[in-house]
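# Architecture and fold: a report
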Amino acid sequence: MATMILTDCIGCGACLPECPNTAISEGEQIYFIDSNRCTECVGFHDAEACAAVCPVDVCLPNPDVIESEAQLLAKAKRLHPEKTFGPDIPSHFRR
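A few points on the structure. (Residues numbered from 1 in each chain as written. Predicted model: local features only at pLDDT ≥ 70, side-chain atom pairs only at ≥ 80, totals over all residues. Heavy atoms only, no water.)

## Quick word on unusual backbone geometry
- One non-glycine residue with positive phi stands out, namely C41, at about 65°.
- With respect to the helices and strands, C41 occurs in the loop between strand 3 (31-33) and helix 1 (49-53).
- Judged by relative accessible area, C41 falls into the buried class, the value being 8%.
- For D57, which is not a glycine, the phi torsion comes out positive at approximately 50°.
- Positionally, D57 belongs in the loop between helix 1 and strand 4 (59-61).
- Overall, D57 belongs to the exposed group, its relative accessible area being 55%. (Helix = DSSP H or I, 4+ residues; strand = E, 2+ residues; numbered from the N terminus. Buried < 20%, exposed > 50% of the residue type's maximum accessible area, 1.4 Å probe, protein only.)

And the structure:
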């Protein structure tokens, strides 16, 4: 699942620099996550970085965008062709 930001977002921007895929953007009042760019941090972190820093816990899995680890890793590879993703990649699927 791609991560999403709920409307309870306080607009603090803590999540913005944490995303390895530049999937987070500032909206008029809250931030939002582009599900086409969100890899749930697979390949970069063992948990969603935005959720880890969110002071109001509004970065949650989007139940409308369900993706497997393989699909998220393929997206990460497409977004970061310069990066090598080995067999021991960080992933919340492996916790």
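## Concerning the nonpolar core
- One finds I5, C15, I24, Y31, I33 and C50 to be the most contacted residues of the largest nonpolar core, which totals 14 residues.
- Not counting residues within four places of it along the chain, the set of residues in contact with I5 comprises C15, I24, I30, Y31, F32, I33, V58 and C59.
- In terms of nonpolar packing, the next biggest core, distinct from the first, is built from 6 residues, V42, L73, A76 and F85 among them. (Core = buried A, V, L, I, M, F, W, Y, C linked by side-chain atoms within 4.5 Å. Contact = heavy atoms within 4.5 Å.)

## A word on the pattern of salt bridges
- Under the definition given, this model contains 2 salt bridges.
- For E67, the salt bridge is made with K75, and the minimal N-O distance between the two is 3.0 Å. The same class applies to E67 as to K75, namely buried.
- A salt bridge links E69 to R94; the shortest N-O distance between them is 2.8 Å. Taken together, the residues E69 in helix 2 (residues 69-79) and R94 in the segment after helix 2 connect sequence positions 25 residues apart.
- On the basis of relative accessible area, R94 is assigned to the partly exposed category, the value being 45%. (Salt bridge = Lys/Arg side-chain N within 4 Å of Asp/Glu carboxyl O.)

## A few points about the packing of aromatic side chains
- Following the criterion strictly, the structure yields 1 aromatic pair and no others.
- Plain terms: the ring middles of F44 and F85 are 5.7 Å apart, the flat faces sit at 85° to each other, and that makes the pair edge-to-face. Of this pair, F44 sits in the loop between strand 3 and helix 1 while F85 sits in the segment after helix 2, and the two are 41 residues apart along the sequence.
- Taking relative accessible area as the criterion, F85 reaches 12% and is therefore assigned buried.
- One cation-aromatic arrangement involves K83 over F85; the distance from NZ or CZ to the ring centre is 5.0 Å. (Phe/Tyr/Trp six-rings, centres within 6.5 Å; stacked < 30°, edge-to-face > 60°. Lys NZ or Arg CZ within 6 Å of the ring centre and 35° of its normal.)

## Some points on the environment of A47
- Along the chain, A47 turns up in the loop between strand 3 and helix 1.
- Placed 13 residues apart in sequence, A47 and L60 show a C-alpha to C-alpha distance of 11 Å.
- Ignoring sequence-local partners within four residues, the contact set of A47 consists of C41, H92 and R95.

By themselves, these observations are geometric and do not establish any function.
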